[in-house]
Structures are given as C-alpha cells and as structure tokens.
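Chain residues, written in single-letter form:
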Amino acid sequence: MTLELRIRRGSASDLPSLEPLWVAVHHRHVESMPQLAPYVDDATTWANRAMLYRELLEKSGTVLVLAEVGRTRVGYGLAHILALEDTWIADTWVTGRQIGEIESVSVLPDYRNAGIGTRLLDRLEQDLADAGISDLILGALPGNAAAIRIYERRGFQSTWLYMSRFAGRPGPVDP
Ligand SMILES: CC(C)(COP(=O)(O)OP(=O)(O)OC[C@H]1O[C@@H](n2cnc3c(N)ncnc32)[C@H](O)[C@@H]1OP(=O)(O)O)[C@@H](O)C(=O)NCCC(=O)NCCS
C-alpha cells in the first residue's frame, strides 16, 4: 500500500514534533561544511531554533506547513513576513513594502528526492503570494548544494554573502 502525501498548515502546537526535522537540517549543515566545526550539539541547536520558531509563530502572517505520509510527519517548511525597513534590503533594492522569508524547509532523509521539498516550497510561496507578498529571501549554507539547486531552480539567486571568521577554524587561504 502506498500512503498518500498530505501537505497541511500547522500551528504552534506542532512545534515539539519539529525537533527531529530541524535536527536533520543541522546534520546537513554539519556534513556539508565540516571545515567549520565545532558545531553545537543536537539539544542546543533545537533549543535555539525552537525559541526562534515560537517568536515567529506569534507574529501574524507566519506560515508553518507540514508534510505527512500516513501518520508520519516527514517534513515541514516555515516562512514569515518582514517589514521592508527591518531588513538589509531597504537601502539597496527596490521591492515591495513587505518581504517573505523562507526560514526553513526540511524533509527526513528517507523521504528525500521524491518531490516533497518542492511541494513544501510551492505551498509556502503560494500562501505568501495569497498574503500579497511577491519579494522573497532565504538563506543557505554555501556547502548545501542540494538545497541551493532546488532554490535556484525556483528562481532564487545569491544576493547577500555573509562571511565569518570563527576562532579555531582554518586560517587564510594561500593566494
Ligand atoms: C533540501 C530538502 C528540503 C529537499 O527536499 P526533497 O524532498 O529532497 O526535495 P525534492 O524531492 O523536491 O527535490 C530534490 C531532488 O529530487 C528530484 N526529484 C523530485 N521528485 C522526484 C521524483 N519523483 N523522482 C526522482 N527525483 C525526484 C528533484 O528534481 C531534485 O533534484 P536535484 O537534486 O537535481 O535538485 C532536503 O534535501 C532536506 O531536508 N535537506 C536537509 C535540510 C536542508 O538542507 N534544508 C534546507 C536548508 S537551507
């Protein structure tokens, strides 16, 4: 029997169930850029992420979407709306007055490469469009090639590059 995929809206009460799904994102980050170690442990990453999600879910316009196969929660996506003046965009680009940020998308490893991530992004973008948002941002680790491929296919392009120099990581690259 093949169980059907269901994409539906979630709420703050779904937060605890997102822990393994967010930890899967963290693991992807660790694997994709091992040179940036040390990384925080699973409990720390979730404690911080859960705090952020709790705040975002209290704002109006935040969208949480869940992907379920049968009774198993296999993925989620979360997006929220920012006032243009609260972003780094306002002093550089001409956009609308509100910016949608795709904060997270995750699919459990056993369920990847079957179109679920694309369905989650479709739903997030549709819900933001329904709210009148047509300017979108998202962030990704530069080593996370699989995620970046999906975003670029949807028309996202690199606009702002953060660089960091954390203590204890590899030093300058020889010219
Ligand atoms: C990024 C992520 C959410 C994508 O989810 P996903 O469900 O695997 O995404 P999709 O299945 O829609 O697309 C993945 C690939 O499968 C392909 N695909 C989609 N449906 C398919 C199908 N039925 N048969 C074969 N391939 C398929 C897509 O074309 C895509 O190909 P690509 O690797 O060449 O780009 C998932 O890899 C993930 O959770 N990664 C870890 C967390 C993460 O990195 N999150 C993003 C942080 S910025």
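What comes next is a walk through the structure. (Residues numbered from 1 in each chain as written. Predicted model: local features only at pLDDT ≥ 70, side-chain atom pairs only at ≥ 80, totals over all residues. Heavy atoms only, no water.)

**Some thoughts on the site of the ligand**
What surrounds the ligand is a group of 20 residues, the closest being V107, G115, T118, N144 and R153. Between the ligand and R112 there is a distance of 3.3 Å, counted from an oxygen atom to a side-chain nitrogen or oxygen. One of the backbone N or O atoms of N113 is found 2.8 Å from an oxygen atom in the ligand. For the ligand, whose accessible area on its own is 940 Å², the fraction buried by protein is 73%. When residues of the shell around the ligand are traced back to their parent elements, those giving at least two are α1 (19-32), β4 (98-107), α3 (116-130) and α4 (145-153). Per element, the largest residue contribution to the shell around the ligand is 5 residues, and it comes from α4. Grouping the amino acids of the shell around the ligand by side-chain chemistry returns 9 nonpolar, 7 polar and 4 charged. (Near = heavy atom within 4 Å. Polar contact = N/O pair within 3.5 Å; in protein donor to acceptor, adjacent residues only side chain to side chain. Areas by Shrake-Rupley, 256 points an atom, 1.4 Å probe, with all protein chains shown as cover. Helix = DSSP H or I, 4+ residues; strand = E, 2+ residues; numbered from the N terminus. Nonpolar A, V, L, I, M, F, W, Y, C, P; charged D, E, K, R; others polar.)

**As for the packing of α1 against helix α2 (residues 42-58)**
Packing of α1 against α2 leaves a shortest axis separation of 10 Å and a crossing angle of 115 degrees. Crossing hand, α1 versus α2: right-handed. When α1 is examined against α2, the residues E19, W22, V23, H26 and H27 are found in contact with a partner set consisting of D42, T45, W46, R49 and Y53. Taken together, the residues of the contact of α1 with α2 sort by class into 4 nonpolar, 3 polar and 3 charged. (Axes fitted to C-alpha atoms, helices over the stretch in contact; angles between N-to-C directions. Left-handed = near helix turned anticlockwise from the far one by under 90°. Contact = heavy atoms within 4.5 Å.)

**What to know about the pattern of salt bridges**
For the structure on display, the rule yields 9 salt bridges. Note that R8 is salt-bridged to E68, the shortest N-O span being 3.1 Å. With a gap of 60 residues between them, R8 in strand β1 (residues 5-9) and E68 in strand β2 (residues 63-69) connect regions that are remote in the sequence. Look at E68 and you get buried, because its relative accessible area is 8%. When the shortest N-O distance is used, the salt bridge between E68 and R73 registers 2.8 Å. (Salt bridge = Lys/Arg side-chain N within 4 Å of Asp/Glu carboxyl O. Buried < 20%, exposed > 50% of the residue type's maximum accessible area, 1.4 Å probe, protein only.)

**Things to note about the sheet that holds strand β5 (residues 136-138)**
On the basis of which strands lie adjacent, the open sheet formed by 5 strands has the order β1-β2-β3-β4-β5 and mixed pairing. Both outer strands of the open sheet, β1 and β5, are each paired with one neighbouring strand and no more. In this sheet, adjacent strand axes meet at a mean angle of 25 degrees when their direction is disregarded. Bridge count for β2 against strand β3 (residues 72-83) is 7 bridges, and the pairing is antiparallel. The partner of A67 across the bridge, within β3, is G75. Running at roughly 135 degrees to β4, α2 makes contact with β2, β3 and β4 of the sheet. (Pairing = 2+ DSSP bridges.)

From the geometry alone we can't say anything about function, so treat these as descriptive.
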